[in-house]
Amino acid sequence: MSADTTAPITAATATAPAPAGAGRGRRRRSRTPVVAVTAVVVAAAAGAAAVVGLGGRDGGTAASGGLPPATAKITRQTLVDSQTFDGELGYGQTHTATLRAPGTITSLAGTGSQVSRGKPLFAVDNAPVVLLYGGLPAYRTLAAGVSGSDVKQFEKNLEALGYSGFTVDEDYTSATADAVKRWQEDLGRPETGRVELGQVVYADGAVRVDTHKAEVGNPAQPGQEVLTYTGTARVVSVSLDVDDERLAKPNATVSVTLPNGKDVAGKIADTETVIENNNGGGNGGSDPVTKIDVTVTVADPKALTGFEQASVKVAFTADARKDVLTVPVAALLALAEGGYGVELVEGSSTRIVAVETGLFAAGRVEISGAGLSEGAVVGMPT
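Residues numbered from 1 in each chain as written. Predicted model: local features only at pLDDT ≥ 70, side-chain atom pairs only at ≥ 80, totals over all residues. Heavy atoms only, no water.

### Quick word on the sheet that holds strand 7 (residues 114–115)
Across a sheet, strands are paired by hydrogen bonds formed along the backbone, either parallel or antiparallel in direction. The criterion, for reference: Two strands pair under a simple rule: DSSP has to find at least two bridges between them. Comment: elements are numbered from the N terminus, with helices defined as DSSP H or I runs of at least four residues and strands as E runs of at least two.
Overall, antiparallel pairing links the four strands, which are arranged 5-13-11-7 in an open sheet. Looking at the sheet topology across the chains shown, the edges are occupied by strand 5 (95–98) and strand 7. Examined bridge by bridge, strand 11 (residues 207–212) and strand 13 (residues 225–231) share five bridges and lie antiparallel to one another. Residue pairing for strand 13: R208 is matched across the bridge by T230.

Shown next, in the form of structure tokens:
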């Protein structure tokens, strides 16, 4: 057989054949893919009759009724199941910093500014509330005698900020308290040796202040939103239907098309299943909708220069088959005994040959079976 000389074919398609006569696609939301998914329509939907009497399905059976009205060739190529969706270039998921103690807001980090470990996000009663790194939120006061993973997380930050004299472990000792007093003195806070709720905010890393939810001078109560923040790296966010979950493979490569038409390589960095409330503007709204939120990082951040936030296109590849035989989907015939076949045209005669189907993409389907070869002619029922 010849080498793969045909360019890859890509399209949004299903990965398994629909039953004969089926023409119903998957449900789509209004803002879904630029390339819409096409239901695989075979056999009856293409106007082909069921074929009977194939017997052992090994050598094919002569067809009756003359030559087919149209034909196509079996080709060898790379078949790719790919879909393109709208995405948003920005800074990823937004988080909210809330007040944990009452007081008056006396300062706020500026919108668009970046805040790193140990730096203040805002201040209450002129006492800074600083950013520390970690995945566990502050949920209690830390003081001598307290133990737990939150203690170790805090002590790691204290050490990273240059304070010493204590052991980084899960025990908050008097040595930890002494280091905390030195830290509080540098911050201009009362030197209590205790870390009260409301003194720190934890995030995975440095953050970018997105919006202010309060104003300087406002009195505030615990639970009040102060500001929102994101990560500092620009990423692409895409929302997928659950039907498209197969596309959201962690670390999979994608292609991002920027507003200037340039394509840049990207990688799926994170996926998250979320429940979106759909009020719909009506009385009571409608049922919540499950979505797959995908975060994509770009291989070359310099390519994003000039784009702060923008709409982009993201092409996902679910599957690919290299060097396979393919025919148009419409060439498939539904066999009476089950499965599918094609009508091979050999000069002035034809015969029905059973085939195994593989990937469906771009209106073509991967086939395999005895008697098939690149360049062979198959019938196209109408």
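Continuing now.
### Description of the pairing of strand 18 (residues 310–328)
Where strand 4 (residues 75–90) lies against strand 18, 14 bridges are found, and the strand directions are antiparallel. Residue F85 lies in a different strand from strand 18, and its bridge partner there is V314. Examined bridge by bridge, strand 15 (residues 253–257) and strand 18 share three bridges and lie antiparallel to one another. For T257, the partnering residue across the bridge sits in strand 18 and is K313. In terms of strand pairing, strand 18 meets strand 22 (residues 364–368) through four bridges, oriented antiparallel. Bridge pairing in strand 22 places T326 opposite E366.

### Overview of the side chain of N157
Spelled out, the test is: Remark: exposure states derive from per-residue accessible area (1.4 Å probe, protein chains only) relative to the maximum for the residue type, with buried under 20%, exposed over 50%, and partly exposed in between. Identification of polar contacts relies on pairs of N or O atoms within 3.5 Å, with a donor-acceptor requirement for protein atoms, meaning one able to donate a hydrogen and the other able to accept it, and with residues adjacent in sequence counted only if both atoms are side-chain atoms. Note on contacts: a residue pair qualifies if any of its non-hydrogen atoms lie within 4.5 Å across the two residues.
With respect to the helices, strands and loops of the structure, N157 is situated in helix 1 (residues 149–160). With a relative accessible area of 1%, N157 lands in the buried category. There is a polar contact of 3.0 Å between the side chain of N157 and the side chain of R117. Setting aside anything within four residues of it in sequence, one finds N157 in contact with R117, L132, Y133 and Y202.

### Looking at the environment of S237
Tracing the backbone through its elements, the reader meets S237 in strand 14 (residues 235–241). Along the chain, S237 and V314 lie 77 residues apart, while their C-alpha atoms are 9.4 Å from each other. Those residues within four positions of S237 in sequence are excluded, and the remaining contacts are G87, E88, G92 and V294.

### Here we look at empty space enclosed by the protein
To be explicit about the condition: The definitions used throughout rest on a 1 Å grid laid over the protein atoms alone, on which a cavity is an enclosed set of points accommodating a 1.4 Å probe that cannot get out and a pocket is an open set flanked by protein within 12 Å on both sides along at least five of seven lines; lining residues are those having an atom within 4 Å of a point. Grid points are joined across faces, edges and corners, and a volume is the space filled by probe spheres set on the points. All residues other than Ala, Val, Leu, Ile, Met, Phe, Trp, Tyr, Cys, Pro, Asp, Glu, Lys and Arg, Gly among them, are scored as polar; the first ten of these are nonpolar and the last four charged.
Throughout the structure, instances matching the rule amount to one cavity of 30 Å³ or more. Taken as a whole, the largest cavity spans an internal volume of roughly 100 Å³. Looking at the largest cavity, it is lined by 14 residues, and the ones nearest its centre are A138, Y139, R140, L142 and Y202. Elements with a minimum of two residues in the lining of the largest cavity: helix 1 and strand 10 (200–203). Here the lining of the largest cavity is built from residues that sort into nine nonpolar, two polar and three charged.

### Remarks on the side chain of K291
On the secondary structure map, K291 appears in strand 17 (residues 286–298). Relative accessible area serves as the criterion here: at 4%, K291 is assigned to the buried category. Within the structure, K291 has its side chain in polar contact with the side chain of D241 (distance 2.7 Å).

### A short note on the nonpolar core
This is how it is decided: Only buried residues count toward a nonpolar core. Its members are Ala, Val, Leu, Ile, Met, Phe, Trp, Tyr and Cys residues joined through side-chain atoms within 4.5 Å.
Formed by 25 residues in total, the largest nonpolar core has its most connected members in V236, V238, L240, V256, V294, V314 and F316. For this core, the secondary structure elements donating two or more residues are strand 4, strand 14, strand 15, strand 16 (263–278), strand 17 and strand 18. What V238 contacts, discounting residues up to four positions off in sequence, is F85, D86, G87, I292, D293, V294, V314 and F316.

### Focus on the packing of aromatic side chains
We apply this condition: Only Phe, Tyr and Trp rings are paired, with Trp represented by its six-membered ring, and only when their centres lie within 6.5 Å; those with planes under 30 degrees apart are stacked, over 60 edge-to-face, the remainder tilted. By definition here, charges over rings are those cases where NZ of Lys or CZ of Arg is within 6 Å of the ring centre and within 35 degrees of the ring normal.
One pass over the structure, following the stated rule, counts two aromatic pairs. When the ring of F85 is compared with that of F316, the centres are 5.8 Å apart and the planes differ by 80 degrees; the resulting orientation is edge-to-face. Placement of F85 in strand 4 and of F316 in strand 18 is noted, with a sequence separation of 231 residues between them. We note that F85, like F316, is buried. Consider the rings of F154 and W183, whose centres lie 5.6 Å apart with planes at 65 degrees: the pair is edge-to-face. Here F154, found in helix 1, pairs with W183, found in helix 2 (residues 174–187); they are 29 residues apart in sequence, far enough to count as distant. W183 carries the same exposure label as F154, and that label is buried. Sitting over the face of the ring of Y91, R208 holds its NZ or CZ atom 4.1 Å from the ring centroid.

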